[in-house]
Amino acid sequence: METKSKKVVNMDMKQYGMFFALIIIYLVFAILTKSANTTPMNVNNLIMQNGYVVILAIGMLLCVLTGNIDLGVGSVVAVCGSVAGIIMMDYKMNMWIAIIAALLVGFLVGVFAGFFIAYLGIPPFVTTLATMLMGRGLTYTLLQAQTKGPFDQAYNFIGAGFLPVIKIPFGDGTLDLVSIAVAIVASVILVISEFKSYATKKKYGFAVNPTWQIALKLAAMLFIIWFFFYKLSRYNGLPFVLLIMVVLIAIYGFITSKTVAGRQIYALGGNRKAANLSGIDTKKVFFWVYVNMGVLSSIAGIVLSARNGSATPKAGDGFEMDAIASCYIGGAAVAGGAGTIVGAVVGAFIMGILNNGMSLFGWSTDIQKIVKGAVLLGAVTADLMSKRKKA
Amino acid sequence: MSEYILEMNHITKEFSGVKALDDVNIQVRKGEIHALCGENGAGKSTLMNVLSGVYPHGTYEGDIVYKGEHCVFHNLRDSEAKGIVIIHQELALSPLLSVAENVFLGNERTSMKGVIDWTETRRRAQEMLARVGLEHENVNVPVNTLGVGKQQLIEIAKAMAKKVELLILDEPTAALNDEESRKLLDIMLELKRQGITCIIISHKLNEIEYVSDSVTIIRDGKTIETLVKGVDDYSEDRVIKAMVGREMTNRYPVREGVEIGNVIFEVKNWNVFHPDDENRQMLKNINLQVRSGEVVGLAGLMGAGRTELAMSLFGRSYGQKISGQVFINGQEVHLKTVKDAVKNKLAYISEDRKTYGLNLIGDVKENMTIAARPFFFSRHGVINANDEIVAAEEYRKRIKVKTNSINQVVGSLSGGNQQKVVVSKWMMTQPDVLIMDEPTRGIDVGAKYEIYCVINELAQAGKAVIVISSEMPEIIGTCDRIYVINDGEIAGELTKEEVSQEKIMQCIMAHNRKGDGDGNEE
């Protein structure tokens, strides 16, 4: 068509609202704590401390997309950590067997919950309330209410280890060249993918964003990448947890946006009856969403126990709430059918930065909970209000 | 006092700069039934919302004069206090509460402040029900145990309990069959005798012609004209002309160049039992055939089993203990799931697009491609997003879905455009056999015409189309051949040449008599 070149639309800024919120909160705490939260060590801690919440939030988003939640994840985290611990400590078995066993337990818990929810039609709230209670009780029984540890260094690497580094002296410390190399690769991939998407849109005659907006977006994203990787390079390099997170975000981002199975979750959440009559096996979708949640919970359980170097009966207490809150803060619809993986991850980091900043500022955990609650309510209120205005 | 109970003068209402109503004028005489007509999106509902205070005074321009007084309504309660009650298309009944409680919902009979007087509630509810012809109804049963028709009447009883003087009915018969609709319209005439003024919004022009005394036509937010029965030309064609702004010489486009070929869809000895009651047979020995290029209608009263038949064929989405055979293109197929059905080139467009057809928070593209996606728009489970966009754009243009872009959320489209999205969704699965259940329910005349064009297009492409409709003129106007279904059985078959509304009704009546006879012999 002759109008091809004129098809330009402004970016939907709402899509990036969460990113702005994240950056603003981070800057506010940077001022309040006199930059204590921007030190290389603290940036590293932010990633290591929030790794398991991010992993859980990814799985939880799928549950939230169906219009439900999973209350059992905190308990499953504890069960899987204790199973791994018992196998390594009591049976003196190889850590790989422990990891596989923990993943299997998570899978089986998912199958259990998924079966009740999908095939017997028991409401997820009730089913996962049950798995939450049962899981916690099981953890206490398995561990006899004792902490099990310390674990082997090789296992702890999963939660506390770093990828190989090439350190050179730099300023008043060192600089890891591996981190810098990864940052360069990430930047190149980002720029290329942006250009490819622009070219595709042009080719098919779709609307494109104005060039300056694309440039601004790219600049902002590059800045965030370089900020993080530079800070990490000044510390111990890249945490192994970061690798796990990036891989999971990439896989689930792809599944939710580009696969038939992923879009079926959205269709189910939007209108289950219509999804059924569109040839979607909604029971199967439900089942696998909860099995998936079980497996991701076990990964989070492994990461947590590895970071602590031990399995404790209280591990993962309240994690389900952090994961659920992350999804909602990240813009997922409470009724289901809308939300993104990136949103949930950003939501998890908003929670993490709040926790971290308030701790550094010296606020007690009691006050932190009040603030987190208020942020959750505020975020969802703002989201719903803006949608209502549009309608 | 003027002869008008209600005058709305120069009403203009804007939504963020867009004029939904532009200098609208309407005058309603006391004690008459006044119809309001217009295509979807013409502004009828907006006008009624202005009247009832849903859009409070000050958010619109213009003047409302009711019983000689200038009205300033800030909310629904204000207008209800004056005796203006609006009954919306979606019923506002609480399904699990009793009939009596629903009649006085929000208007409770109390002995002390806040304490419900149940005796009084039931007694008065009985009185109200009697006024709408439901004197034999038990007021203690939950409202959801009654049919939609009766629920609609309970809504009217509820309005009566509020001492209504001006009753507004927004598409009251949209979900009712002919018989129920007739009953409701007769109740309206009865209310008229009791001195209640009514405003009715409806797409069913035959009903308007039957029940109303005058009709005001709105198009694109403007009043076009008001016609008075007995004074002006009051025919359906006259009203349609005013609604669409052009002469609709033929409401059903002529199908040309269609070659009716071999039988491509055949059902043999199809039996289905009720999903919750394995002893209740819903469909008995259904046999039917559809040829390529042929449009076949399933006529019958509501509850006859037409939707049940379609859904049981469509991947066993309805019923249990299903037996019988289905042949598509000469091959016997076993359609155990919806996916099997789609794979075997059968598609079904549900009668209830909002509940069974659409993901209202999803966008146009997502809704259009969801069913066809596993077959056409993906490889190894990974979606080809660009193919989807191209296909969605093609269908948007081809069947004229009026939307800003394929990324618009479906819930924000009008009923007619939503229906076109559902139709696109199933056309994208490239079916050989397409069952359309009430394809034009609740959509305006223009969109209806476009849906009929799609039916013709499908027939021209050699597809088999089955149309289920409760509107007999529609069935007669669109179909080559008609099966009349009654009480879960095929009561008769009529060709285009012999069919008429009377023939269909005769067929049903004859079948009913036969059924009664069988009952006596047992």
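Residues numbered from 1 in each chain as written. Chains lettered and ligands numbered in written order. Predicted model: local features only at pLDDT ≥ 70, side-chain atom pairs only at ≥ 80, totals over all residues.

1. Re the overall build of chain B
Move 1: Helices and strands together make up the secondary structure of chain B, namely 18 helices and 24 strands.
Move 2: Taken over the C-alpha trace, chain B has a radius of gyration of 25 Å; the compact-globule value for 522 residues is 24 Å, and the two agree within 12%.
Move 3: Its C-alpha atoms give chain B principal-axis dimensions of about 75 × 60 × 50 Å.
Move 4: Every one of the 522 residues in chain B was classed for burial, and the buried ones make up 47%. (Helix = DSSP H or I, 4+ residues; strand = E, 2+ residues; numbered from the N terminus. Rg over C-alpha atoms; globule rule 2.2 N^0.38 Å. Buried ≥ 20, exposed ≤ 12 C-beta atoms within 10 Å, placed from the backbone.)

2. Topic: the sheet that holds strand β15 (residues 295-299) of chain B
Residue and element names in this part refer to chain B.
Move 1: A sheet is described by the order of its strands in space; here 6 strands give the open sequence β18-β21-β22-β15-β23-β24, paired in mixed fashion. At either margin of the open sheet sits one strand with a lone partner, and together these are β18 (346-349) and β24 (489-495). In this sheet, adjacent strand axes meet at a mean angle of 20° when their direction is disregarded.
Move 2: With 5 bridges connecting them, strand β21 (residues 433-437) and strand β22 (residues 464-468) associate as parallel partners. Bridge pairing in β22 links aspartate 437 to isoleucine 468. (Pairing = 2+ DSSP bridges. Axes fitted to C-alpha atoms, helices over the stretch in contact; angles between N-to-C directions.)

3. Section: the nonpolar core
Move 1: Membership of the largest hydrophobic core comes to 184 residues, with the highest contact counts inside it found for Leu56(A), Ala57(A), Met60(A), Leu61(A) and Val303(A).
Move 2: In terms of nonpolar packing, the next biggest core, distinct from the first, is built from 72 residues, Val28(B), Ala159(B), Cys198(B) and Val211(B) among them. (Core = buried A, V, L, I, M, F, W, Y, C linked by C-beta atoms within 7 Å.)

4. Focus: the domain arrangement of chain A
All names here are of chain A.
Move 1: The assigned domain composition of chain A is domain 1 (11-161 + 241-383) and domain 2 (162-238).
Move 2: A separation of 26 Å is found between the C-alpha centroids of domain 1 and domain 2.
Move 3: Contributions of two or more residues to the side of domain 1 that touches domain 2 are made by α2 (40-65) and α9 (240-258).
Move 4: Counting residues per element, the side of domain 1 that touches domain 2 draws most heavily on α2, at 4 residues.
Move 5: Partitioned by chemical class, the residues of the side of domain 1 that touches domain 2 number 6 nonpolar, 2 polar and no charged. (Domains from an automatic or database assignment. Nonpolar A, V, L, I, M, F, W, Y, C, P; charged D, E, K, R; others polar.)

5. Considering the domain arrangement of chain B
Move 1: Here chain B is described as being made up of domain 1 (4-244), domain 2 (263-345 + 431-521) and domain 3 (358-428).
Move 2: Relative to domain 3 of chain B, the C-alpha centre of domain 1 of chain B lies at a distance of 35 Å.

6. Some points on the pairing of strand β13 (residues 263-274) of chain B
All names here are of chain B.
Move 1: Here β13 runs beside strand β14 (residues 277-291); their pairing, made up of 8 bridges, is antiparallel. The partner of valine 267 across the bridge, within β14, is leucine 288.
Move 2: Count of turn residues in the β13/β14 antiparallel hairpin: 2 residues.
Move 3: Both β13 and strand β16 (residues 320-328) contribute to a ladder of 6 bridges, which runs antiparallel. Each bridged residue has a counterpart across the sheet, and for phenylalanine 265 the counterpart in β16 is isoleucine 328.

7. So, the packing of helix α1 (residues 17-32) of chain A against helix α14 (residues 341-361) of chain A
Residue and element names in this part refer to chain A.
Move 1: The contact between α1 and α14 brings their axes to 10 Å, and the two run at 10°. Here α1 lies roughly parallel to α14, going by the angle between them. Of the residues in α14, those in contact with Met18, Phe19, Ala21, Leu22, Ile25, Tyr26, Phe29 and Leu32 of α1 are Gly343, Val346, Phe349, Ile350, Ile353, Leu354, Gly357 and Phe361.
Move 2: Of the residues in the contact of α1 with α14, the class split is 14 nonpolar, 2 polar and no charged. (Parallel < 35°, antiparallel > 145°, perpendicular 65-115°, else oblique. Contact = placed C-beta atoms within 7 Å.)

8. So, helix α16 (residues 445-460) of chain B
Residues and elements named next belong to chain B.
Move 1: The end-to-end C-alpha distance of α16 is 23 Å, a good match for the 22 Å that 16 residues give at a rise of 1.5 Å each.
Move 2: What α16 keeps buried is the set Val445, Ala447, Lys448, Glu450, Ile451, Tyr452, Val454, Ile455, Asn456, Leu458 and Ala459.
Move 3: Next to the buried residues of α16 lie α8 (236-244), β15, α15 (415-427), β21, β22 and α17 (472-478).
Move 4: Of the residues flanking the end of α16, it is glycine 462, one or two places downstream, whose phi is positive at about 85°. (Expected span 1.5 Å × (residues − 1).)

9. Quick look at the interface of chain B and chain A
How large an interface is tends to be reported as the accessible area lost when its parts come together.
Move 1: Across the boundary between the two partners, chain B contributes 25 residues, which contact 21 residues of chain A.
Move 2: Counting only elements with at least two residues in the side of chain B that touches chain A, the list comes to α10 (338-343), α11 (353-357), α13 (373-376), β20 (382-383) and α14 (385-398) of chain B.
Move 3: A per-class count over the side of chain B that touches chain A returns 13 nonpolar, 10 polar and 2 charged.

10. Topic: helix α3 (residues 73-89) of chain A
Move 1: Compared with an ideal rise of 1.5 Å per residue, which puts 17 residues at 24 Å, α3(A) spans 24 Å between its outermost C-alpha atoms and is within 8% of the ideal.
Move 2: Most of α3(A) is tucked away: 14 of the 17 residues are buried.

11. Description of the pairing of strand β10 (residues 197-201) of chain B
Residues and elements named next belong to chain B.
Move 1: Most of β10 sits out of view: 5 of its 5 residues are buried.
Move 2: Side chains Thr197, Ile199 and Ile201 of β10 all project onto a buried face; the interleaved residues Cys198 and Ile200 project onto the opposite face, where all are buried too.
Move 3: Pairing between strand β3 (residues 33-37) and β10: 4 bridges, direction parallel. Within β10, the residue paired with histidine 34 across the bridge is isoleucine 199.
Move 4: In the sheet, strand β9 (residues 166-170) pairs with β10 via 5 bridges, with the strands oriented parallel. Its bridge partner being in β10, leucine 169 is matched across the sheet by isoleucine 200.

12. Side note on the sheet that holds strand β17 (residues 331-333) of chain B
All names here are of chain B.
Move 1: The antiparallel open sheet is built from 4 strands, whose spatial order is β14-β13-β16-β17. At either end of the open sheet lies a strand with only one pairing partner, and these are β14 and β17. Ignoring strand direction, the axes of neighbouring strands in this sheet form an average angle of 10°.

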